[in-house]
Amino acid sequence: MPLPDGAHSPGGVYRGARGGGHTNRTFVFDDGRCAARQPGAGDGGRGDGALLDTVSLKMSDLDSELVPLPPRYRFRDLLLGDQSFQNDDRVQVEFYVNENTFKERLKLFFIKNQRSSLRIRLFNFSLKLLTCLLYIVRVLLDDPALGIGCWGCPKQNYTFNESSSEINWAPILWVERKTALWATQVTVAAVSFLETTLLTYLSYKGNIWEQIFRVAFILEMINTLPFIITIFWPPLRNLFIPVFLNCWLAKHALENMINDFHRAILRTQSAMFNQVLILFCTLLCLVFTGTCGIQHLERAGGNLSLLTSFYFCIVTFSTVGYGDVTPKIWPSQLLVAIMICVALVVLPLQFEELVYLWMERQKSGGNYSRHRAQTEKHVILCVSSLKIDLLMDFLNEFYAHPRLQDYYVVILCPTEMDIQVRRVLQIPLWSQRVIYLQGSALKDQDLMRAKMDNGEACFILSSRNEVDRTAADHQTILRAWAVKDFAPNCPLYVQILKPENKFHVKFAEHVVCEEECKYAMLALSCICPATPTLITLLVHTSRGQEGQDSPEQWQRMYGRCSGNEVYHIRMGDSKFFREYEGKSFTYAAFHAHKKYGVCLIGLKREESKSILLNPGPRHILAASDTCFYINITKEENSAFIFKQEEKQKKKGFAGQGLYEGSSRLPVHSIIASMGTVAMDLQNTECQPAQSGGGSGGSKLALPTENGSGSRRPSIAPVLEVADSSTLLPCDLLSDQSEDEMTPSDEEGLSVVEYVKGYPPNSPYIGSSPTLCHLLPVKAPFCCLRLDKGCKHNSYEDAKAYGFKNRLIIVSAETAGNGLYNFIVPLRAYYRPRRELNPIVLLLDNRPDHHFLEAICCFPMVYYMEGSVDNLDSLLQCGIIYADNLVVVDKESTMSAKEDYMADAKTIVNVQTMFRLFPSLSITTELTHPSNMRFMQFRAKDSYSLALSRLEKRERENGSNLAFMFRLPFAAGRVFSISMLDTLLYQSFVKDYMIPITRLLLGLDTTPGSGYLCAMKVTEDDLWIRTYGRLFQKLCSSSAEIPIGIYRTECHVFSSSESQVSVSVEHHEETREAQGPWGSRAGTGGGGHTVGGGSAERPLLRRKSLPWARRLSRKGARHTGKAAAEEISQQRLRLHQRSERQELSELVKNRMKHLGLPTTGYDEMNDQQNTLSYVLINPPPDTRLEPNDIVYLIRSDPLAHVASSSRSRKSSCSNKLASCNPETRDETQF
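Attention in this report is confined to the structure presented alongside it. (Residues numbered from 1 in each chain as written. Predicted model: local features only at pLDDT ≥ 70, side-chain atom pairs only at ≥ 80, totals over all residues. Heavy atoms only, no water.)

## Some words on the overall build of the protein
Next, step 1: Helix and strand counts for the protein come out as 41 helices and 27 strands.
Next, step 2: Each of the 1229 residues in the protein was classed as buried or not, and the buried ones make up 51%.
Next, step 3: If you take every contact in the protein between residues at least 6 apart in sequence, the share linking residues at least 24 apart comes to 75%.
Next, step 4: Counting every atom, the protein has about 58,300 Å² of accessible surface; 56% of that belongs to carbon and sulfur. (Helix = DSSP H or I, 4+ residues; strand = E, 2+ residues; numbered from the N terminus. Buried < 20%, exposed > 50% of the residue type's maximum accessible area, 1.4 Å probe, protein only. Contact = heavy atoms within 4.5 Å. Areas by Shrake-Rupley, 256 points an atom, 1.4 Å probe, with all protein chains shown as cover.)

## Some points on helix 36 (residues 1027-1037)
Next, step 1: Of all 11 residues in helix 36, 11 are buried, a share of seventy percent or more.
Next, step 2: Of the positions making up helix 36, those classed as buried are Tyr1027, Gly1028, Arg1029, Leu1030, Phe1031, Gln1032, Lys1033, Leu1034, Cys1035, Ser1036 and Ser1037.
Next, step 3: A positive backbone phi angle near 60 degrees is found at Ala1039, which sits one or two residues after helix 36.

## Let's talk about the pairing of strand 22 (residues 921-926)
Remember that side chains alternate between the two faces of the sheet whenever the strand is regular.
Next, step 1: Counting buried positions along strand 22 gives six out of six residues, so the element sits mostly inside the fold.
Next, step 2: Neither face of strand 22 is exposed, since Ser921, Thr923 and Glu925 on one face and Ile922, Thr924 and Leu926 on the opposite face are all buried.
Next, step 3: In terms of strand pairing, strand 21 (residues 882-887) meets strand 22 through four bridges, oriented parallel. Considered in strand 22, the bridge of Val886 is made with Thr923.
Next, step 4: One ladder, built from three bridges, connects strand 22 with strand 23 (residues 974-976); its direction is parallel. Of the residues in strand 23, the one forming a bridge with Thr924 is Val974. (Pairing = 2+ DSSP bridges.)

## A look at the pattern of salt bridges
In a structure, side chains of opposite charge can pair up when their charged atoms sit close to one another.
Next, step 1: By the definition in use, this model includes 32 salt bridges.
Next, step 2: Between Asp787 and Arg785 there is a salt bridge, with the nearest N and O atoms lying 2.7 Å from each other.
Next, step 3: Of the charged contacts, one joins Glu865 and Arg846 as a salt bridge, the two residues approaching to 3.2 Å between their closest N and O atoms. Taken together, the positions of Glu865 in strand 20 (residues 861-865) and Arg846 in the loop between strand 19 (839-843) and helix 29 (849-855) put the pair 19 residues apart, joining distant regions of the chain.
Next, step 4: We classify Glu865 as partly exposed; its relative accessible area is 29%. (Salt bridge = Lys/Arg side-chain N within 4 Å of Asp/Glu carboxyl O.)

## A closer look at helix 21 (residues 531-539)
Next, step 1: Where burial is concerned, most of helix 21 is hidden: nine out of the nine residues are buried.
Next, step 2: Looking at helix 21, one finds that the buried residues are Thr531, Pro532, Thr533, Leu534, Ile535, Thr536, Leu537, Leu538 and Val539.

## As for the sheet that holds strand 12 (residues 612-613)
Next, step 1: With respect to topology, four strands assemble into an open sheet ordered 10-13-11-12, the strand pairing being antiparallel. The two strands at the open ends of the sheet, each matched to only one other strand, are strand 10 (565-570) and strand 12.
Next, step 2: Where strand 11 (residues 599-604) and strand 13 (residues 626-631) come together, five bridges link them in antiparallel fashion. By the bridge assignment, Cys599 is partnered in strand 13 with Ile630.

## Observations regarding the sheet that holds strand 6 (residues 434-438)
Next, step 1: If you walk across this open sheet you meet the six strands as 6-5-4-7-8-9, and the pairing is parallel. Taken across any chain shown, the strands that pair with only one partner, and hence form the sheet edges, are strand 6 and strand 9 (510-513). Averaged over all neighbouring strand pairs, the angle between strand axes comes to 15 degrees, with direction disregarded.
Next, step 2: As judged from the four bridges shared by strand 8 (residues 492-496) and strand 9, these two strands associate in the parallel manner. In the strand pairing of strand 9, Ile496 is matched with Cys513.
Next, step 3: Each of strand 4 (378-382), strand 5 (408-413), strand 6 and strand 7 (457-460) is contacted by helix 15 (residues 388-398), which is oriented at about 160 degrees to strand 5, the strand it contacts most. (Axes fitted to C-alpha atoms, helices over the stretch in contact; angles between N-to-C directions.)

## Here's the deal with the packing of aromatic side chains
Next, step 1: Within the structure shown, the criterion is met by 35 aromatic pairs.
Next, step 2: Their ring planes at 25 degrees and their centres at 6.0 Å tell us that Trp554 and Tyr558 sit as a pair that is stacked. Here the residue Trp554 and the residue Tyr558 both occupy positions in helix 22 (residues 553-561), the gap between them amounting to four residues, near one helical turn. No difference in accessibility class separates Trp554 from Tyr558, as the two residues are buried. (Phe/Tyr/Trp six-rings, centres within 6.5 Å; stacked < 30°, edge-to-face > 60°.)

## Description of the packing of helix 23 (residues 585-596) against helix 36
Next, step 1: Running from amino to carboxyl end, helix 23 crosses helix 36 at an angle of 175 degrees, the nearest separation of the two axes being 10 Å. In terms of axis orientation, helix 23 runs roughly antiparallel to helix 36. Contacts from Thr586, Ala589, Phe590 and His593 of helix 23 reach helix 36 at Tyr1027, Gly1028, Phe1031, Gln1032 and Cys1035.
Next, step 2: In terms of residue class, the contact of helix 23 with helix 36 is made up of five nonpolar, four polar and no charged. (Parallel < 35°, antiparallel > 145°, perpendicular 65-115°, else oblique. Nonpolar A, V, L, I, M, F, W, Y, C, P; charged D, E, K, R; others polar.)

## Re unusual backbone geometry
Most peptide bonds take the trans form, and the phi angle of most residues other than glycine is negative.
Next, step 1: A positive phi angle is found at Arg1025, which is not glycine, with a value near 75 degrees.
Next, step 2: One can find Arg1025 in the loop between strand 24 (1011-1016) and helix 36.
Next, step 3: Using a relative accessible area of 26% as the deciding quantity, one classes Arg1025 as partly exposed.
Next, step 4: Positioned with a positive phi, Asn1187 is a non-glycine residue whose angle comes to about 70 degrees.
Next, step 5: As for its position among the elements, Asn1187 is in the loop between strand 26 (1170-1176) and strand 27 (1189-1194).
Next, step 6: Here Asn1187 falls in the buried class, since its relative accessible area comes to 7%.

Following this line, the structure appears as structure tokens:
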């Protein structure tokens, strides 16, 4: 076994000595004997000394030659080790011995050490300033008229003769210097000389001449050596010494001192500040040198004073040159010429450097002042690239809140500011409050420039226009980590694009995942129409003043209701809700809306962190609860005028006391009298709560009349405390719709029993678990393909499946993890099984295995490879059997060379589908919100042109929602994710907005919290008449809270401006000839069409066309052209009909080519002449209209399942049996 050098063996120590070509090895035994060995053939000629020859020296031979050691030596070696090895080989090494010399210690104190060097330079700077001050004192005390001469010599008087060309040099060579002044100057000069000599010696590196011929050293010798010489030669004490040149040495010392100061405190001061300081010092030294030089030389001339010389220098250097003061002798004239030449050389160089630094500062943005950061509040916005739309959205939303007006916004961006952003930031409104810094969030020095540790918040936004969105998320994650590492106490507001990356920034205070919100919002828009518009209006800050000057009624109401936002207040401090303490949530919601017009949507307990939307009538309000409500403004900014209460007191009414008193009694004894109105609620109608989420899922049944036949329909009052006899605690887990569904022979499909449970496979980390409708057994991957049959089924198109409900088609580029959030809200447990719509995913790329594994457990979810711009793909996926088509923005087209061109392909494709399938409800996602004006574009429609001018007028008035009057946005048919950026901005002031939005969208499911759904107002529901009575009906029967209305109105869009003057009556006659506008059967899509006859309300609003005619640019038409216009309109109708027939033939031919039946396409009607809009929290007296879709927050049906599941089912069945409509009494209104 080989042994290394110095290694121990049982009997000795092996030591090897290396030679030139071989190795001599010696084995030393403990008894002193040595065994030497020479290298042999076995070494192979190597001299490395690493191995022993096993032939010549074997371990058995060595063991036989070893002599056993005495036990005492072995024990000593065991305890103490090899003492001889430690004493012989250990060497103590001392480090940095070169710094122990006297010179190195001096160098460490005077040069290397930052703090001591700073003190030395400060002392040197003070000495130079003192010498300049002593020179000024000497000039002020010196008077040439008293005599001139050396020290101790007789004084001579001198008078300047202008006619003589000769110069008397005596006044220039000799000055009068007092003894005390001389002693002070000599002392200062000696100290300065010694210091300069010492520093020169310490910084000497071998070239002595380089040190001697430095300008600073020469000036130092000129100003110090003469004073030292005067000590030994007294007559020279009055010799003139140009001490004023020390100002240049003071400038040099100041520069060094600033550099040492920055090193000592470990701070990097602005280069602009340093350059400005150097420039100022240079100008000051030039003026001081010129002033002192001219004053001294003119002692032999005009004998100028120090002040007059200073005046002359200022006038000369400023190029003014009055000529009232001029040098008299040629030495002073020469000095002036030299100083001007120096100024012309030095100053331009300084200004050039200053301008360069200024330009660089403009690019980088400089620093945010530390003093301002400590005295003022600021937030930091970190982005990869700053676009003008993103900037204006942030600034408008951030500064829309009154308490943020004094905040500063610091933008930290790695790219240079573009021209548009620079132009906006130069506006005085923003230039005083917005600071742009070019830098990276990954650099501590840039975070220090932005004063991140003093910031109130940091907003980190992702670059959504990047082709690789995952890489954009990775950059956002690194920025968030860097900010959290540098400033752990700074709140973070992070925007993430992909949901799978969200868990990396879960430490942030607020996180908004773009794809999560986007797909959930698009999914809800299929069952709750215009959900994107509803959420966008809620998260935007508005005062509700948009459209108030418009003559259109719908625009005024729509603009007014758009000002509603979500606010919060503690119930004990609220005037809205304080009187309802100890009462049920639904009671407080109804009466607060009836009395104040506010909509109470949720609350949060003091001991809980979870927000509950509509916790239901069983929830009793407490004074410590935090209430969340929808209103135009928050309660603190509202004034209360109780006029209605005064009128009620005068008339003797006590409506409030009626509810407070009677509702506390048992239901069977509630008998109240209010004038001629009688209330008897002994038997109230029992309506089980509908669990559907679609627009047709709920219906308000008309109460049947009892035997009298003269009683009008009634609405039961909302009780203060929930009573088991009025609310049916039916368990939603036992789906009532399952009993109603009977298998039909026409369907040809066996009824599959669905189960309710949590999806077994989540596609990413961080998805909230949601109880959903699931298949009892996972579907095979081959069965998920819609257009291809497999061994389990042979269906190859949507028609063959025989779906009962209409389809929902989603067109996307890839099956990302965010698409999972589109499916979950549509398969949530609170959606009745009979209302589940089949979902077809139209994907450009084939989905991967992980995505299919996540969706195979959901019922009626299919995919198909195809593109939205391919008509065959659309027909195969069943577009003629669909109610909703969702077109998701493609990641590959989000960026374009020309701004705002990223949506070109999507807009044209959607416009084609808009023409081919006019009755299809298409929801489109765009990259840029400004492009929504091209959706459903009508080039010559005067009404659209009038809306365009209205949008421009609102933008000029400073509205943040100028695009809200565009018909596609108002109807909820277009959406841009950038409109949700304000959700993150609002969370800085309203930290509850993100949780509430996630609850509304179904992304989070909190036990006891309600969910967003919708119901459609039919002809049978018009007996309720107003929105306030509908509020009462919903609160008293099913404990649902309405929050808004989606209203659709018929409207005729003219195709040319010549049709503006056509009378409204003519269009109504045309409508009656063509037939009523009917809505298709099915759920979800009915909200986008208008139903009902002409008896309930007129088809057109008579103000629409006159208003469009007034806003059109062309003048009034002559009455003589009425006949020609009518003929042109009829001809245009024929042209439109022929074009429609042409498109219809095209679609039918493609369907026949694909082997698809054309019957479904024949039933599609052109229903494009409608306008729809969202009314958030309308006033209680708003009249209901047919086909209104009401947004509801329905209470959680599982809130009380765990505690009393069995008792609830039994009580539910008993209650349904006891409710007999024939014996029910009703309240007459």
